[in-house]
Amino acid sequence: MVIGQLRSEVRDELGDNGHEADWIISHVTKMSQADFVLHPRDVTEEELKAIEEIVERRNQGEPLQYLLGETEFMGLTFKVTEDTLIPRADTETLVEEVIRKIGKKKLTVLDIGTGSGCIGISIAKNCKNTQVTLLDYSEAILQVAKENADLNGVNVDFVKCDILEEIPEGVFDVIVSNPPYIETDTIFSLDNMVKSYEPVEALDGGFDGLLFYQRIVEEVAPKILKDGGYIAFEIGYNQGEAVIDILKEADFVSIKLKKDPCDNDRVVTAKKG
Ligand code: GLN
């Protein structure tokens, strides 16, 4: 089948404006979207079968990022598996804030609950003088983060640690985290695509959604964040005040709340006093 016809058929089947259709076709055929126009070719039977299978599963609700095994974040490509949350555009607000803060400084950075590694790897890629450590609680997750570090050509360290059970070793200038922050009872009300496919461990922040902020601020940072060190969290849109209170209680200073491009509270940063 010629590429133009395939594109319009896949669009129709997905009921989509072309973005996902082109993404799928490009992924399977290894043709860029410019190639579709500049160097069109017929797709093979095998390619057609692979595309049809993806379209069918997509129409049943599976997130496209899991079907293709990859996504884009901060202009970089990241592999994702069902062990890791799909990187969200919201999280770019956190990463941009940390990159701006670090600039060219020579600092050590710990990314707690790294998942696919998208936060720490994007920081390492943009701040060449940092030494970034990616931390998560399972080997399967760290394996995905390792592949992503290789894919993006950054030299980072890895630590397997469940911060709810133990305190990681080392001292760091910066702690960054997008921890699980959804209240346990509201997980059932999330979009079907999120709750049926994404790892609940990456979402569940305890009964009030604040479990990981409390643990990091009250138990982890006192031991491993340098005095004067910087902490940056992604938060839920309604958690600004609560997370600021947790930081104030623990004597953090210069506490700031930032919004994402949709005007929701999204990031809290602070300095260890
Ligand atoms: N922003 C994610 C969501 O809405 C939640 C991420 C998290 O819990 N850290 O699904």
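Just above sits the structure.
Residues numbered from 1 in each chain as written. Predicted model: local features only at pLDDT ≥ 70, side-chain atom pairs only at ≥ 80, totals over all residues. Heavy atoms only, no water.

A. Representation of the packing of helix α1 (residues 3-14) against helix α4 (residues 45-59) within the structure. One way to put it is that α1 packs onto α4 with a least axis distance of 10 Å and a crossing angle of 20°. The pairing of α1 with α4 is recorded here as roughly parallel in orientation. For the pair α1 and α4, the crossing hand works out as right-handed. Contacts from Leu6, Val10, Glu13 and Leu14 of α1 reach α4 at Leu48, Ile51, Val55, Arg58 and Asn59. In terms of residue class, the contact of α1 with α4 is built from six nonpolar, one polar and two charged. (Axes fitted to C-alpha atoms, helices over the stretch in contact; angles between N-to-C directions. Helix = DSSP H or I, 4+ residues; strand = E, 2+ residues; numbered from the N terminus. Parallel < 35°, antiparallel > 145°, perpendicular 65-115°, else oblique. Left-handed = near helix turned anticlockwise from the far one by under 90°. Contact = heavy atoms within 4.5 Å. Nonpolar A, V, L, I, M, F, W, Y, C, P; charged D, E, K, R; others polar.)

B. Fine view of the site of the ligand. Surveying the vicinity of the ligand reveals the residues Leu85, Arg88, Asn178, Pro179, Pro180, Tyr181, Ile182, Ala202, Leu203 and Glu234. One of the backbone N or O atoms of Pro179 is found 2.6 Å from a nitrogen atom in the ligand. One of the backbone N or O atoms of Tyr181 is found 3.0 Å from an oxygen atom in the ligand. A total of 300 Å² of accessible area belongs to the ligand in isolation, and the protein chains cover 86% of it. Tallied by class, residues from the shell around the ligand come to seven nonpolar, one polar and two charged. (Near = heavy atom within 4 Å. Polar contact = N/O pair within 3.5 Å; in protein donor to acceptor, adjacent residues only side chain to side chain. Areas by Shrake-Rupley, 256 points an atom, 1.4 Å probe, with all protein chains shown as cover.)

C. Focus on the packing of aromatic side chains. One pass over the structure, following the stated rule, counts two aromatic pairs. Residues Phe73 and Phe78 carry aromatic rings whose centres are separated by 6.2 Å and whose planes lie at 75° to one another, so their mutual orientation is edge-to-face. Accessibility assignment for this pair places Phe73 and Phe78 in one class, buried. For the pair Tyr213 and Phe233, a centre-to-centre distance of 5.0 Å together with 80° between the ring planes defines the contact as edge-to-face. (Phe/Tyr/Trp six-rings, centres within 6.5 Å; stacked < 30°, edge-to-face > 60°. Buried < 20%, exposed > 50% of the residue type's maximum accessible area, 1.4 Å probe, protein only.)

D. Quick peek at α4. Compared with an ideal rise of 1.5 Å per residue, which puts 15 residues at 21 Å, α4 spans 21 Å between its outermost C-alpha atoms and is within 8% of the ideal. Of all the residues in α4, the buried ones are Glu47, Leu48, Ile51, Ile54, Val55 and Arg58. Here the buried residues of α4 occupy an arc of 130° about the axis, which is enough to place them on one side. Summarising the geometry of α4, the exposed residues directed more than 90 degrees from the buried face are Glu45, Glu46, Lys49 and Glu56. Residues of α4 that are buried in the fold lie against α1, α2 (19-29), α5 (64-68) and α9 (192-197). (Expected span 1.5 Å × (residues − 1). Arc of directions from axis to C-beta.)

E. Focus on the environment of Arg41. Mapped onto the secondary structure, Arg41 falls in the loop between α3 (33-38) and α4. Separated by 136 residues in sequence, Arg41 and Ser177 place their C-alpha atoms 45 Å apart. Setting aside its immediate chain neighbours within four residues, Arg41 contacts Met1, Ile3, Thr29, Met31 and Glu47. Within the local environment of Arg41, its side chain forms a polar contact with the backbone oxygen of Thr29, the two atoms lying 3.2 Å apart. Side-chain polar atoms of Arg41 contact the side chain of Glu47, separated by 3.0 Å.

F. View of the pattern of salt bridges. The tally for this structure, following the rule as stated, stands at 16 salt bridges. One salt bridge connects Arg7 with Asp22, and the closest N-O pair in it is separated by 2.9 Å. Of this pair, Arg7 sits in helix α1 while Asp22 sits in helix α2; the two residues are 15 residues apart in sequence, bridging distant segments of the chain. The residues Arg7 and Asp22 share a single accessibility class, namely buried. Across the pair Arg266 and Asp260 runs a salt bridge whose closest N-O atoms are separated by 2.9 Å. The exposure class of Asp260 is buried, given its relative accessible area of 5%. Each of the salt bridges in this network shares a partner with another, and the network as a whole consists of Arg7, Arg11 and Asp22. (Salt bridge = Lys/Arg side-chain N within 4 Å of Asp/Glu carboxyl O.)

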